[in-house]
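# A structural walkthrough
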Amino acid sequence: MPPLLKLDDVYAQYITRYGTVYAVNGVSLEIGEGEILGIVGESGCGKSTLARVMMMNVKPPLHLVRGRVLLQGVELNRLPRDRLKREVWGKQVSLVPQSVMNALNPTMRVRDIIRDFVKVHNPELDDDEVYSMARDRFEELGLDIRALDLYPFELSGGMRQRVAIAIATLLNPKLLIADEPTSALDVSTQKVVLKLLKRLWNEGIVKSIVFITHDIAVVRQIATRIAVMYAGKIVEVGPLEEVIFKPLHPYTELLISSILTPEPEVKKRGLVEIRGAPPDLRTPPRGCPFAERCPYATDRCRREEPRPVVIGSRLIYCHLRGGGAA
Amino acid sequence: MELPEPLLRVENLSKVFVVGLFTRRRIDAVKGVSFTIGRREIVSLVGESGSGKTTTAKIILRLEKPTSGRVLFEGRDVWRDLRSREDILWYRRSVQGVMQDPYGAFNPFYRVDRVFKQMFKLLPKDMDDEERWGLVEKALIEVGLNPRYVLGKYPHELSGGERQRVMIARALLVEPKLLIADEPVSMLDATLRSGILKLLMKLRDERGLSILFITHDMGLAYYVSDRILVMYRGELVEEGHPDELIESPRHPYTKRLISDIPLLYRKWSDI
Ligand SMILES: Nc1ncnc2c1ncn2[C@@H]1O[C@H](COP(=O)(O)OP(=O)(O)OP(=O)(O)O)[C@@H](O)[C@H]1O
Ligand SMILES: [Mg+2]
């Protein structure tokens, strides 16, 4: 069975009068049916840009300069925007963006936001049919239906996030992409949002989820697989627990060891510091993007870009793991 | 035998805000909060957003007046006993704040040097500029920055971690006894946080600095603190040694908070 979504050697750039930001640089990734893929990485490494590319919501200044985005074998990158809007977004792939306020029109009540969203795809439905569909789904997911009559700003942060997720999944898209859905929330509210995502997946309302976050302890609770991103590239991808407990890429290793959760195993390890800062994506380095900060880097790392190496069920981009040029 | 007076003693502190133009509403931001901070001690104040942490910090820093209760620093009531300009300057030198957003504290149009110059009025009057800039360099080195690299730069030319270090260096310039750090790393990536936390612990150990570390992140508090205070809806609900608190929380709120923290080695079974 082909993967649900496949990115094939994708390069995406913000091209402006002031220069080019190389935000996604040669990413290949597959998302299978039934998985929850976590994408983790530091601020500015290109996670949100990758999310946009995954559903081909790419418009200037962002450009897809190379590569293909395949949804069940169909090249999304060849479809015009109006077809994507009518046939793909919301129905096949849905995105809950990083800033939920941007997703929910602040001047409309939740039910009217839902009406407009559904009618793009199903113009034949009348308002009452849409509302009753929304009510049923809110009830199914344990959300208070009174939220339907409120404006987004009247909802608490956690409720707003859950409403945005409920709307994005109303038409049962196969793939849900959630960009930092828990980052602005208190821990107890984070858990409620994670529960909702898990429920959508358990009940088959969505088949697969891409969960983008900078918080590995959060993604640990829900993902089946994890991809680690650094400076516009994926450096390691594999099964969640393998990557977290036996990282193979030096960046993954340092990233994991910078997590401070209140548990004895982590306290014993102490505070680990990564020196320096990620590269500026306006002038990405040659070779391995992590070489500058990597404690094991050699001349070759600074010169040559590592190629993917498969180790077990993992993919790693590192010279130390044999990712040299063939 | 009498116990030595702690550096800071907060007694029964309350703050009520009255908001709204037509329908006036009372918000009890801080309700009867009491705690102490000893010398050479890092005390964390942990709670979710809106729990009253920042209001407490502002009252201690004399940026906000309490509705009732007292703040005693070295035995002096900082809202009653500081009468002269000299007293106030003494207090501002003794207690310094480092706030949440390291970018917001800078003016993007001015070089970093300016944040230090603003502190010069708290330095002794007979000090000349050369001595002052000498102190700035010393403070920058102490927080792990190269003065020649940092001075003369604009804020956007520094990383978030560097900006936060600059703010700490600025506070150190006047050799405070107490540092109030309000979410000093919440805007930073995990990879940059440990460096700042290590720095705070080094300042405690080497300078004997006391720190009130304010955070919503129990994980961070667990690492840096000698003692943790848990705040919930304006009240202190629990206090304890980090290990004790994590292993056996007593208050229902702390219990829920701790069970909801996502961990690395233990996966939730209930989602
Ligand atoms: N509209 C834009 N125009 C130009 N550059 C942009 C634009 N949006 C993002 N960028 C740049 O592209 C790079 C990747 O940004 P992106 O938002 O994808 O990162 P991210 O990993 O999602 O970060 P965060 O964790 O902070 O959300 C950054 O250098 C960013 O400054
Ligand atoms: Mg983002």
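Per chain, the residues get numbers from 1 upward, laid out in the order the sequence is written. For this description, chains carry letters from A and ligands carry numbers from 1, given in the order in which they are written. Residues qualify for local features only when their pLDDT is at least 70, as the model is predicted, and side-chain atom pairs are given and counted only at 80 or more; totals for whole chains, interfaces and linings, by contrast, use all residues. To obtain the side-chain values, all non-hydrogen atoms of the structure were included, while hydrogens and water were left out.

## Observations concerning the overall build of chain B
In terms of helices and strands, chain B carries ten helices and ten strands. With the principal axes as the frame, chain B shows a C-alpha extent of 60 × 55 × 50 Å. Counting all 271 residues of chain B, 52% fall into the buried class. Contacts are assigned to residue pairs with any non-hydrogen atoms lying within 4.5 Å of each other. Considering only contacts in chain B between residues 6 or more positions apart, those separated by 24 or more positions represent 64%. For chain B, the distance from the average position of its 44 positive side-chain charges to the average position of its 39 negative side-chain charges is 4 Å. Here a helix means four or more residues in a row that DSSP labels H or I, a strand means two or more in a row labelled E, and each is numbered from the N terminus. Partly exposed describes any residue whose relative accessible area lies between the buried limit of under 20% and the exposed limit of over 50%, with all areas from a 1.4 Å probe on protein chains only and scaled to the type maximum. Asp and Glu are treated as the negative residues and Lys and Arg as the positive ones, with His and the ends of the chain left uncounted. To locate a charge, the coordinates of NZ of Lys, CZ of Arg, CG of Asp or CD of Glu are taken.

## Describing unusual backbone geometry
Glycine aside, a negative phi is what most residues show, and trans is what most peptide bonds show. Cis rather than trans, the peptide bond between A:Pro60 and A:Pro61 has omega equal to 10°. Here the phi dihedral of B:Arg62 falls at roughly 65°; this positive angle occurs in a residue that is not glycine. Within the secondary structure, B:Arg62 is located in the loop between helix H1 (53-60) and strand E4 (68-73). Overall, B:Arg62 belongs to the partly exposed group, its relative accessible area being 22%.

## Focus on the site of ligand 1
All names here are of chain A. Here a residue counts as near a molecule or strand whenever at least one of its heavy atoms sits within 4 Å of it. Every one of the 13 residues lining ligand 1 counts as a neighbour, but Ser-43, Gly-44, Lys-47, Ser-48 and Thr-49 are closest to it. The separation between a nitrogen atom of ligand 1 and a polar side-chain atom of Tyr-14 is 3.5 Å. In this structure, Thr-49 approaches ligand 1 through a side-chain N or O atom, which is 2.4 Å from an oxygen atom. The Shrake-Rupley method, run with a 1.4 Å probe, gives the accessible areas here. Residue values count only the displayed protein chains as cover. Burial of ligand 1 by the surrounding chains reaches 66%, relative to a free accessible area of 640 Å². Breaking the shell around ligand 1 down by element, the ones donating at least two residues are strand E2 (19-31) and helix H1 (47-54). With three residues, the single largest contributor to the shell around ligand 1 is H1. Here the residues of the shell around ligand 1 sort into four nonpolar, six polar and three charged. Polar contacts, as counted here, are pairs of nitrogen or oxygen atoms within 3.5 Å of one another; within protein the pair requires one atom able to donate a hydrogen and one able to accept it, and residues that are adjacent in sequence qualify only if both atoms are side-chain atoms. In this count, Pro and Cys sit with the nonpolar residues alongside Ala, Val, Leu, Ile, Met, Phe, Trp and Tyr, while Asp, Glu, Lys and Arg are called charged and the others, Gly among them, polar.

## Overview of the coordination of the magnesium ion (ligand 2)
Keep in mind that water is not among the atoms, so a site may look incomplete; donors are the N, O and S atoms within 2.8 Å of the metal, or 3.2 Å for Na, K and Ca. At this site the magnesium ion (ligand 2) is bound by A:Ser48 (OG) and A:Gln98 (OE1), with donor distances of 2.0 to 2.2 Å. With a gap of 50 residues between them, A:Ser48 in helix H1 and A:Gln98 in the loop between strand E6 (93-96) and helix H3 (100-103) connect regions that are remote in the sequence.

## Here we look at the pairing of strand E4 (residues 62-71) of chain A
All names here are of chain A. Summarising the sheet, strand E1 (residues 5-16) and E4 pair through eight bridges and their orientation is antiparallel. In the strand pairing of E4, Tyr-11 is matched with Arg-66. Pairing between strands is defined by DSSP: at least two bridges between them are needed. The pairing of E4 with strand E5 (residues 74-75) spans two bridges and is antiparallel. The partner of Leu-71 across the bridge, within E5, is Val-74. Counted along the chain from E4 to the antiparallel partner E5, the turn is two residues long, and its residue Gln-72 has a positive phi close to 45°.

## Description of the nonpolar core
Counting 68 residues, the largest nonpolar core has A:Ile114 and A:Phe138 as the members making the most contacts within it. For this core, the leading source of residues is helix H6 (residues 157-168) of chain A, giving seven residues. Nonpolar cores are built from buried Ala, Val, Leu, Ile, Met, Phe, Trp, Tyr and Cys residues. Side-chain atoms within 4.5 Å join them into one set.

## Brief notes about the packing of helix H4 (residues 110-121) of chain A against H6(A)
Residue and element names in this part refer to chain A. Between H4 and H6, the shortest axis-to-axis distance is 11 Å and the interhelical angle comes to 25°. The orientation of H4 relative to H6 falls into the category roughly parallel. Seen along the crossing, H4 lies across H6 with a hand that is right-handed. Each of Val-110, Ile-113, Ile-114 and Phe-117 in H4 lies in contact with H6, whose residues at this interface are Val-163, Ile-167 and Ala-168. Axis definition: a line fit to C-alpha positions, over the contact stretch in the case of helices; interaxial angles, taken between N-to-C directions, run 0 to 180 degrees. Oblique is the label for any angle not covered by the other classes, which are roughly parallel (under 35 degrees), roughly antiparallel (over 145) and roughly perpendicular (65 to 115). Two helices that cross are described as forming a left-handed crossing if the nearer one is turned anticlockwise from the farther one by less than a right angle, and a right-handed crossing if clockwise.

## Points about the interface of chain A and chain B
Counting from both sides, the interface comprises 37 residues of chain A and, opposite them, 34 residues of chain B. Computed with a 1.4 Å rolling probe, the buried area is the accessible surface lost when two parts are put together, summed over both parts. Taken together, both faces of the contact between chain A and chain B bury some 3700 Å²; the carbon and sulfur share is 60%. Contact with chain B buries surface across chain A, with A:Gln221, A:Pro262 and A:Leu271 losing the most and accounting together for 20% of the total. Any carboxyl oxygen of Asp or Glu that lies within 4 Å of a side-chain nitrogen of Lys or Arg is treated as forming a salt bridge with it. Of the charged contacts in the structure, one is a salt bridge between B:Arg266 and A:Glu263, with a shortest N-O distance of 2.7 Å. In this structure, the connection of chain A to chain B is made through 19 residue pairs in polar contact (both at pLDDT 80 or more). If you list the elements that add at least two residues to the side of chain A that touches chain B, you get helix H7 (187-202), helix H8 (216-220), helix H9 (240-245), helix H10 (250-257) and helix H11 (264-269) of chain A. Per-element accounting of the side of chain A that touches chain B gives the leading share, seven residues, to H7(A). Its residues assigned to classes, the side of chain A that touches chain B shows 18 nonpolar, seven polar and twelve charged.

## Some thoughts on H1(B)
Residue and element names in this part refer to chain B. Judged by how many residues are buried, H1 sits mostly within the fold: six of eight residues are covered. Those residues of H1 lying buried are Lys-53, Thr-55, Thr-56, Ala-57, Ile-59 and Ile-60. Trailing H1 by a residue or two, Arg-62 shows a phi angle of about 65°, which is positive.

## Section: a positive patch on the surface
A residue counts toward a patch only above 30% relative accessible area and without a salt bridge, and it is joined to like-charged neighbours within 9 Å or, for Val, Leu, Ile, Met, Phe, Trp and Tyr, to nonpolar neighbours within 5 Å. On the surface, B:Arg85, B:Arg92, B:Lys121 and B:Lys125 cluster together into a patch of positive charge. Assignment of secondary structure puts B:Lys121 in the loop between helix H3 (113-117) and helix H4 (129-142).

## Quick word on the side chain of B:Asp189
Relative to the assigned elements, B:Asp189 resides in the loop between strand E7 (178-182) and helix H7 (190-207). The buried charged residue B:Asp189 lacks any salt bridge, with A:Lys47 as its nearest oppositely charged partner at 6.2 Å. Here A:Ser43 takes part through its backbone nitrogen, which lies 2.9 Å from a polar atom of the side chain of B:Asp189. In this structure, B:Asp189 is in contact with A:Glu42 and A:Ser43, ignoring residues within four places of it in sequence.

## A word on a negative patch on the surface
On the surface, a cluster of negative charge is made up of A:Glu124, A:Asp126, A:Asp128 and A:Glu129. Summarising the element assignment, A:Glu129 is placed in helix H5 (residues 127-140).

## Structural notes on the pattern of salt bridges
Two side chains with opposite charge may pair up if their charged atoms get near one another. The full count for this structure, using the stated rule, is 49 salt bridges over all chains. Notably, a salt bridge pairs B:Asp129 with B:Arg132, separated by 3.6 Å at the nearest N-O pair. Residue B:Asp129 and its partner B:Arg132 are located together in helix H4, separated by three residues, close to a single helical turn. The class of B:Asp129 is partly exposed, set by a relative accessible area of 45%. Classification of B:Arg132 as buried rests on a relative accessible area of 16%. A single salt-bridge network, built from bridges that share partners, covers A:Arg111, A:Asp112, A:Arg115, A:Asp116 and A:Asp149.

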